[in-house]
Amino acid sequence: MSREVEGEIVAAVPVLTRLRREPEPEPGPEPEPDPFLSLRRCFSFVTAFSAFLCVSINLYSAFLSFNRQSDVFYGIFRCYAVFIGGFVILAETDWDFIIKFSKVLENWVGRGMVQIFVAVMTRAIRDYCGEREEFVYLQSLACYMLFTCGVISVLLGIVDIGFLKSYRQTQEISREQATKDLEELERRREELQRLLV
């Protein structure tokens, strides 16, 4: 007799679970981005943009120097500035390959010194080809922007802001991973509930 009652109860369980569906949990609010990391990304964009301007100016100046053939030394100097400026742009993307390739760019002080070096190389030899005033203004703007970014990087590196950046990044990554794990657990729970039905 008790087995018959157990069989009826077991048969009724799927019906009850179908009737008593729990509401879907609403996804929580999206976590707000860390203001420090957002500010760091903006600063990195400004630095990469100023380095791009310096690279463009040096590339154009090198092209003009090689065309005149009297200023080959200046053209070679500008090519070095383009090459190093390219590393500055890639370093600001925080691409792991570049950071591993050059340990100087991993540290904020080293990165700032390279930025200052590219800015000084851009400003060191003024371009008098054609005496175009707007080109000289653009050259000054680009090198002073990159110089300022380099000084700020050196100062923040001295304060050791890089430690704070890596700490916040690991916090953000662990928060995102916890959200993904929670979603995966919810999905598994739903699958198990479907299997029970």
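Residues numbered from 1 in each chain as written. Predicted model: local features only at pLDDT ≥ 70, side-chain atom pairs only at ≥ 80, totals over all residues. Heavy atoms only, no water.

What follows covers the overall build of the protein chain. The helix and strand tally for the protein chain stands at 7 helices and 0 strands. When the elements of the protein chain are put in sequence order from the N terminus, they spell out α-α-α-α-α-α-α. Taking all 197 residues of the protein chain together, 31% fall into the buried category. The contacts of the protein chain with a sequence gap of at least 6 include a subset with a gap of at least 24, amounting to 73%. (Helix = DSSP H or I, 4+ residues; strand = E, 2+ residues; numbered from the N terminus. Buried < 20%, exposed > 50% of the residue type's maximum accessible area, 1.4 Å probe, protein only. Contact = heavy atoms within 4.5 Å.)

Relative to the 39 Å expected for 27 residues at 1.5 Å per residue, helix H6 (residues 133-159) spans 39 Å between its end C-alpha atoms, a close match to the ideal helical length. Those residues of H6 that fall on the buried side of the exposure criterion are Phe 135, Val 136, Gln 139, Ser 140, Ala 142, Cys 143, Leu 146, Cys 149, Gly 150, Ser 153, Val 154 and Gly 157. (Expected span 1.5 Å × (residues − 1).)

Mapped onto this structure's residue numbering, the UniProt feature "transmembrane region" (unreviewed entry) falls at residues 42-66, 72-92 and 137-159. Each end of residues 42-66 is marked by a C-alpha atom, and these two atoms are 36 Å apart; helix forms 100% of the span and strand 0%. Structurally, residues 72-92 comprises 100% helix and 0% strand, and the distance from its first C-alpha atom to its last is 30 Å. (UniProt positions renumbered as here; feature names shortened; annotations may be inferred.)

It is worth spelling out the pattern of salt bridges at this point. In the structure shown here, the tally under the stated rule is 6 salt bridges. Note that Arg 111 and Glu 92 form a salt bridge whose closest N and O atoms lie 3.7 Å from each other. Taken as a pair, Arg 111 in helix H5 (residues 108-124) and Glu 92 in helix H3 (residues 72-92) lie far apart in primary sequence, 19 residues in all. Note on accessibility: Arg 111 and Glu 92 belong to one class, buried. With a shortest N-O distance of 2.9 Å, Arg 189 and Glu 186 are connected by a salt bridge. A residue pair is termed a helical-turn pair when its members lie 3 or 4 positions apart in one helix, as Arg 189 and Glu 186 do in helix H7 (residues 161-196) at 3 residues. By relative accessible area, which is 31% here, Arg 189 ends up partly exposed. Through salt bridges with shared partners, a single ionic network connects Glu 184, Arg 187, Arg 188 and Glu 191. (Salt bridge = Lys/Arg side-chain N within 4 Å of Asp/Glu carboxyl O.)

Among the nonpolar cores identified, the biggest contains 16 residues, and Cys 54, Val 88, Leu 105, Val 118, Ala 142 and Leu 146 are the most heavily contacted of them. Of all the secondary-structure elements, those providing two or more residues to this core are helix H2 (35-68), H3, H5 and H6. Those residues within four positions of Leu 105 in sequence are excluded, and the remaining contacts are Phe 87, Ala 91, Ile 98, Ile 99, Arg 111 and Val 114. (Core = buried A, V, L, I, M, F, W, Y, C linked by side-chain atoms within 4.5 Å.)

Contact geometry for H3 and H5: axes closest at 9 Å, N-to-C directions at 145 degrees. Considering how the two elements wind past one another, H3 and H5 form a crossing that is left-handed. Along the contact surface, H3 presents Phe 77, Arg 78, Tyr 80, Ala 81, Ile 84, Gly 85, Val 88, Ala 91 and Glu 92, while H5 presents Arg 111, Val 114, Gln 115, Phe 117, Val 118, Met 121, Thr 122 and Ala 124. Looking at the contact of H3 with H5 residue by residue, the class counts come to 11 nonpolar, 3 polar and 3 charged. (Axes fitted to C-alpha atoms, helices over the stretch in contact; angles between N-to-C directions. Left-handed = near helix turned anticlockwise from the far one by under 90°. Nonpolar A, V, L, I, M, F, W, Y, C, P; charged D, E, K, R; others polar.)

A separate point is the side chain of Arg 111. Of the residues examined, Arg 111 reaches a relative accessible area of 5% and is grouped as buried. Not counting the four nearest positions on each side in its chain, Arg 111 is found in contact with Arg 40, Ala 91, Glu 92, Asp 94, Ile 99, Val 104 and Leu 105.

Checked against the element boundaries, Glu 106 lands in the loop between helix H4 (96-101) and H5. Overall, the relative accessible area of 44% leaves Glu 106 in the partly exposed class. Placed 10 residues apart in sequence, Glu 106 and Asp 96 show a C-alpha to C-alpha distance of 9.5 Å.

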